[in-house]
Every structure is written in structure tokens, then in C-alpha cells.
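Spelled out, the chains give:
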Amino acid sequence: MPANTHHVRLLRDLANLLEAQPGPTDDPFTPHPDTEAIIKTRHTSRGQLNYAVPEALQLQRRIRRYNADNGTPHGDIVALALDSWLRAKGYPPDLNHPNGDTQ
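Keep in mind that this is a model prediction, so the values were computed, not measured.

**Student:** So what's going on with the packing of helix α3 (residues 59-70) against helix α4 (residues 74-88)? Residues and values would help.
**Tutor:** Between α3 and α4, whose axes approach to 9 Å, the crossing angle comes to 110°. The orientation of α3 with respect to α4, classified from their angle, is roughly perpendicular. Both α3 and α4 take part in a crossing whose hand is right-handed. Between α3 and α4, the contacting residues are Ile63, Arg64, Tyr66 and Asn67 on the first element and His74, Ile77 and Val78 on the second. Classifying every residue of the contact of α3 with α4 by side-chain character gives four nonpolar, two polar and one charged.

**Student:** Which residues make up unusual backbone geometry, and what are the values?
**Tutor:** One non-glycine residue, Gln58, lies in the positive phi region at around 55°. Along the chain, the position of Gln58 falls in the loop between α2 (33-40) and α3. Owing to a relative accessible area of 39%, Gln58 belongs among the partly exposed residues under this scheme.

Definitions and cut-offs
- Residues numbered from 1 in each chain as written.
- Predicted model: local features only at pLDDT ≥ 70, side-chain atom pairs only at ≥ 80, totals over all residues.
- Heavy atoms only, no water.
- Axes fitted to C-alpha atoms, helices over the stretch in contact; angles between N-to-C directions.
- Helix = DSSP H or I, 4+ residues; strand = E, 2+ residues; numbered from the N terminus.
- Parallel < 35°, antiparallel > 145°, perpendicular 65-115°, else oblique.
- Left-handed = near helix turned anticlockwise from the far one by under 90°.
- Contact = heavy atoms within 4.5 Å.
- Nonpolar A, V, L, I, M, F, W, Y, C, P; charged D, E, K, R; others polar.
- Buried < 20%, exposed > 50% of the residue type's maximum accessible area, 1.4 Å probe, protein only.

Set out below in C-alpha cells:
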């Protein structure tokens, strides 16, 4: 009979990792706790995103309006929105990599 202890250990480790994940919330747009911690960190290094987006979506106007209503900085609004969408699509950040940038 083959020794399955290695596979059992891997499955237990995977189960532990899954249990450590935050549970779903009632609001699908609730930021991930890791993302909130990074956003709230005062000295987080930042990079510029420059992408052409359809003007008909009025994203700049809507971001400015949200900022005025809630006081959330423009860059944080974009970071929170993109992070939530990419995580939902199965692309979480690699937070173990320096600066979270794997390119």
C-alpha cells in the first residue's frame, strides 16, 4: 500500500489555507482585508496606471463625484475597484513578492 502521508499533509495545509480566507460578505464590493490594510498604510509605494477607457462610461466624473461624497482619494477608489474585480476573476495579488509586483 503506498504511503499517502505527503498527500494527506498537503490536503490538510490546503484546508487550513481555505479556512483562513475571509468569508463572503453581504456586499460583494467589500474590499478584501489585505487590500484595506495596504490602502491604509501611510507609506505604501504607488505606481501610475494609464489606460484609455471609454468616455461614455464617464469614469473620471464618477470617480470625482464619489471622492466628493465619501472623501476617498481617487487612486484608492481605482485600486479598490480593480482589486475587487481581479480577485473575483481569480487573480489575487502575490503579497509575498516584493512590492506585490510580479510583472
